[in-house]
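Residue-level structural notes
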Amino acid sequence: MRHRVAAAYSTAAPAQPFNVAIIGSGPAGFYTALRLLERLPVTRVDMFEALPVPFGLSRFGVAPDHPEVKACQDRFTEVAHYPGFNYIGNTEVGRDVALADLKANYHAVILAYGSHKDRLLGIPGENSPGVFSAREFVGWYNGLPEHAGLDVPLDMAEDVTIVGNGNVALDVARILLADTSRLKSTDITEHAYEKLKTSKIKRVRIAARRGILQSAFTTKEVRELINEPNVYMNPLKDEYLDQVRPFLPVLERTRKRLVSVLEKNSKLARPEGVEKTWTLDYLISPIEIKASGNGKTLESTTFEVNNLVQPELSSPARAIGSGQHVTFKNELLFRSIGYKSVPLEGLHTGLGVEFDQARGIVPNTDGRVAPGVYAVGWVKTGPTGVIAHTMGESFEVAENLIDDYKQGIVGTEQNRPGFSGIKDKITSRIVGWGDWEKIDAAEKTKGLSEGKPREKFTSVDEMLNVLE
Ligand code: FAD
Ligand code: NAP
C-alpha cells in the first residue's frame, strides 16, 4: 500500500489537528480527502457515508461492463489507509447524526452527498406502472439496496422508450439489449442477471427533445452500443442528418466525429438474423404516457414534434413544440433526464444554508458555501460530469479550503474535537474501514465461485450480517 502523504505545506503547523467532516464517500468525497491529506498533513478527515459500503456512483452507477472505470476505487482505498483518514459508514447525516452537530465539532464540513433523486417529466401518465427512472434501474442492476426489489417486467415488453439521450440512457439501452452471457462475468447482481435473461425486449428507442448536435451522449459510448454484438442501430432519419449538414464545416472536432460515426453507421444494412434493434430519435418531447390497463406495462407514448431554434451555432439550441404529434407503441419507458440533488436534512435549520431548488445544487462560490462549509461533486455542480471532471472540481475546492486554512479563515477554533465530540451522538451501528474490508472480502469470495469479480450484497442487513 502506497502512503503518499507529502509535506507540501511547510509553514509551522499548529499543534491542533484540522478536523474536517466529509459527507459522502463517492468520487468527490474521496478526491477531496486525497488532496487535503496530501497537501495539508495536519488534516484529519472523517468521512460519513449513509450506506455501509463506500464509493457512491462508482459502485452503484458505473455500468457493470465498465470495470476499468471502477479502478478509481483502488486509489480511494489507498486514501482510506492514509494516516488521518477515518471512515464512518452506515451513518446517514441528517438521520443518524445531525448536520448541526457536525458543524459544532469540526473546523470544516464538506458536502459531497451527490444527487440521489430524479428529475421528472411532469406529464400525464408518468406515474403509470411500466414507467421507471433510469436511476432506479441502474441502482437495481448494480445492487443499490434502495432498488434491490425493483420489479421491471422485462418479460412482458418488446418495445422500450428511453427519454433523454445522455450516457446514462446509453448504459440503460446497452444493458437492456446486451447478450446476457456477456454480462455474466461482470459484477452485475445475480438477481438482475437472472431477470435480464427472461427479457423479451427487441426494440429500444432513445428519444431526445433536441437535435443530433445537442446529443448528450459521447462518441465512445455510442460506439460501444453500435458495436454491441447481435444488436443493430436503425439508420438515422435523413431529415436529422440533413439539418446538421450545413454546420459540418464549422463544427468542432468531437462533434464532427460524433456526426460522422452516426452517419457512417446509418448506411449499414441489418445483418441477417439480428432481431434486437435500437433507434436514435430526435426533436420529440413526450407529452402523454398511456398505461395498458394490465397494471404492469404501458400501451404507448405520445410525443410532440419539435422545431429547433438556434439563431447562430454559438447560441443555445432550444426545442419549440410544433403542435404535431406522433405516438409510439411501448410497454416500458425509462426516464433518463438526469439525477437530482435535494437539500440535506438540517441544511437550513442547522447551517442556515438555502438549497437552490431551481438549479438543484447547494449554492456556492468555487465550492465555498458558508463559513466552514464547502460543497464538492454533483451537489456542487449539478448532476453532470464524468469521474475525471468530478476529480478536477474536487481538487480545486480542496485547494480553496487549504488557502482558507492558510489565511486563518478556517481551522482556528479551539473547541472542534472532531469525531470524539460526536461519536456518542451517532445512533447507527458504525461501519469502519476494517468492517468494509470484511464485506468487500465476502463479496469477492461469493463472486469467485461464479467467475465474477464480486457478488454484491443487495441489502444493508446482508452487509451488516458479515460483521456479526
Ligand atoms: P456520488 O458518487 O453519488 O457520491 C455521493 C455519496 O454520498 C454516495 O455514496 C451516497 O450514498 C452518499 N450520501 C448521500 N446522502 C448522504 C447522507 N445524508 N449522509 C452520508 N452520505 C450520504 N463517470 C465516468 O467517468 N465513467 C462512467 O462510466 C460513469 N458512469 C456513470 C453511470 C451512471 C448511471 C451515473 C449516474 C454516473 C456515471 N458517471 C460515470 C459519473 C460519476 O458517477 C460521477 O461523476 C460521480 O460519481 C459524482 O461523484 P459524487 O461524489 O459527487 O456523487
Ligand atoms: P445528461 O448527460 O445531462 O443527459 C440528460 C438528458 O436528458 C439530455 O439528453 C437532456 O436533453 C435530457 N432532458 C433533460 N430534461 C429533459 C426533459 N424535461 N425532457 C426531455 N429530455 C430532457 O445526464 P445523464 O445521462 O444522467 O448523465 C449524467 C453524467 O454522467 C453525464 O456527465 C454523463 O456523461 C456521465 N456518465 C458517463 C458515462 C460514461 O462515461 N460511460 C456513463 C453514464 C453517465 P437536453 O440536452 O435537451 O436538456
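Residues numbered from 1 in each chain as written. Chains lettered and ligands numbered in written order. Predicted model: local features only at pLDDT ≥ 70, side-chain atom pairs only at ≥ 80, totals over all residues. Heavy atoms only, no water.

Our next topic: the nonpolar core. Ranked by internal contacts, the top residues of the largest apolar core, which has 54 residues, are Ile206, Ile212, Leu262, Trp278, Tyr282 and Phe334. For this core, the leading source of residues is helix H6 (residues 167–177), giving seven residues. Ignoring anything within four residues of it in the chain, the contact list for Leu262 reads Ile212, Phe217, Val222, Met233, Leu236, Leu280 and Tyr282. Judged by nonpolar contacts, the second largest core, of 48 residues, contains Ala28, Tyr82, Tyr87 and Ile402. (Core = buried A, V, L, I, M, F, W, Y, C linked by side-chain atoms within 4.5 Å. Buried < 20%, exposed > 50% of the residue type's maximum accessible area, 1.4 Å probe, protein only. Helix = DSSP H or I, 4+ residues; strand = E, 2+ residues; numbered from the N terminus. Contact = heavy atoms within 4.5 Å.)

Taking the numbering used here, the UniProt-annotated feature "binding site: FAD" (unreviewed entry) corresponds to Ala28, Glu49, Leu57, Val93, Trp378, Gly385, Val386 and Ile387. Spanning 360 residues, the named residues do not form one spatial group; their C-alpha atoms are separated by as much as 25.1 Å. With near-sequence residues (within four places) excluded, Val93 lies in contact with Ile23, Phe48, Leu99, Leu102 and Leu344. Of note, Trp378 is situated in helix H13 (residues 378–381). Overall, the relative accessible area of 18% leaves Trp378 in the buried class. (UniProt positions renumbered as here; feature names shortened; annotations may be inferred.)

It is worth spelling out the site of ligand 1 at this point. Near ligand 1 you find 33 residues, and of these Glu49, Leu57, Trp378, Gly385 and Ile387 are the closest. One nitrogen or oxygen atom from the main chain of Val93 is found 3.0 Å from a nitrogen atom belonging to ligand 1. Calculation on ligand 1 without its partners gives an accessible area of 1000 Å², and the protein chains cover 90% of this total. Residues belonging to the shell around ligand 1 are distributed by class as follows: 18 nonpolar, twelve polar and three charged. Taken domain by domain, the shell around ligand 1 gets at least three of its residues from each of domain 1 (18–116 + 341–431) and domain 2 (117–337). (Near = heavy atom within 4 Å. Polar contact = N/O pair within 3.5 Å; in protein donor to acceptor, adjacent residues only side chain to side chain. Areas by Shrake-Rupley, 256 points an atom, 1.4 Å probe, with all protein chains shown as cover. Nonpolar A, V, L, I, M, F, W, Y, C, P; charged D, E, K, R; others polar. Domains from an automatic or database assignment.)

Moving on, we get to the sheet that holds strand E3 (residues 85–88). Ordered in space as E3-E2-E1-E4-E17-E16, the six strands form an open sheet in which the pairing is mixed. A single partner strand is all that each edge strand has here, and the edge strands are E3 and strand E16 (368–370). When strand polarity is set aside, the average angle formed by the axes of neighbouring strands in this sheet is 25 degrees. Note that strand E2 (residues 43–48) and E3 share four bridges and pair parallel. Residue pairing in the sheet places Val45 in a bridge with Phe85 of E3. (Pairing = 2+ DSSP bridges. Axes fitted to C-alpha atoms, helices over the stretch in contact; angles between N-to-C directions.)

With that out of the way, let us pick up the side chain of Asp281. By the element assignment, Asp281 lies in strand E10 (residues 276–281). At 2.5 Å, the side chain of Asp281 and the side chain of Arg205 are in polar contact. Of note is the side chain of Asp281, whose polar atom sits 2.5 Å from the side chain of Tyr240. When sequence neighbours within four positions are dropped, the list of residues in contact with Asp281 reads Arg205, Ile206, Ala207, Ala208, Lys237, Tyr240 and Phe328.

This next bit is on the pattern of salt bridges. A complete count under the given rule lists 41 salt bridges for this structure. Residue Glu399 is joined to Arg39 by a salt bridge in which the shortest nitrogen-to-oxygen separation is 2.5 Å. Placement of the pair is Glu399 in helix H14 (residues 387–406) and Arg39 in helix H1 (residues 27–39), with a sequence separation of 360 residues. A relative accessible area of 22% places Glu399 in the partly exposed class. Of the residues examined, Arg39 reaches a relative accessible area of 34% and is grouped as partly exposed. Note that Asp404 and Arg368 form a salt bridge whose closest N and O atoms lie 2.9 Å from each other. One end of the pair, Asp404, is in helix H14; the other, Arg368, is in strand E16, with 36 residues separating them in the sequence. Taking relative accessible area as the criterion, Arg368 reaches 31% and is therefore assigned partly exposed. (Salt bridge = Lys/Arg side-chain N within 4 Å of Asp/Glu carboxyl O.)

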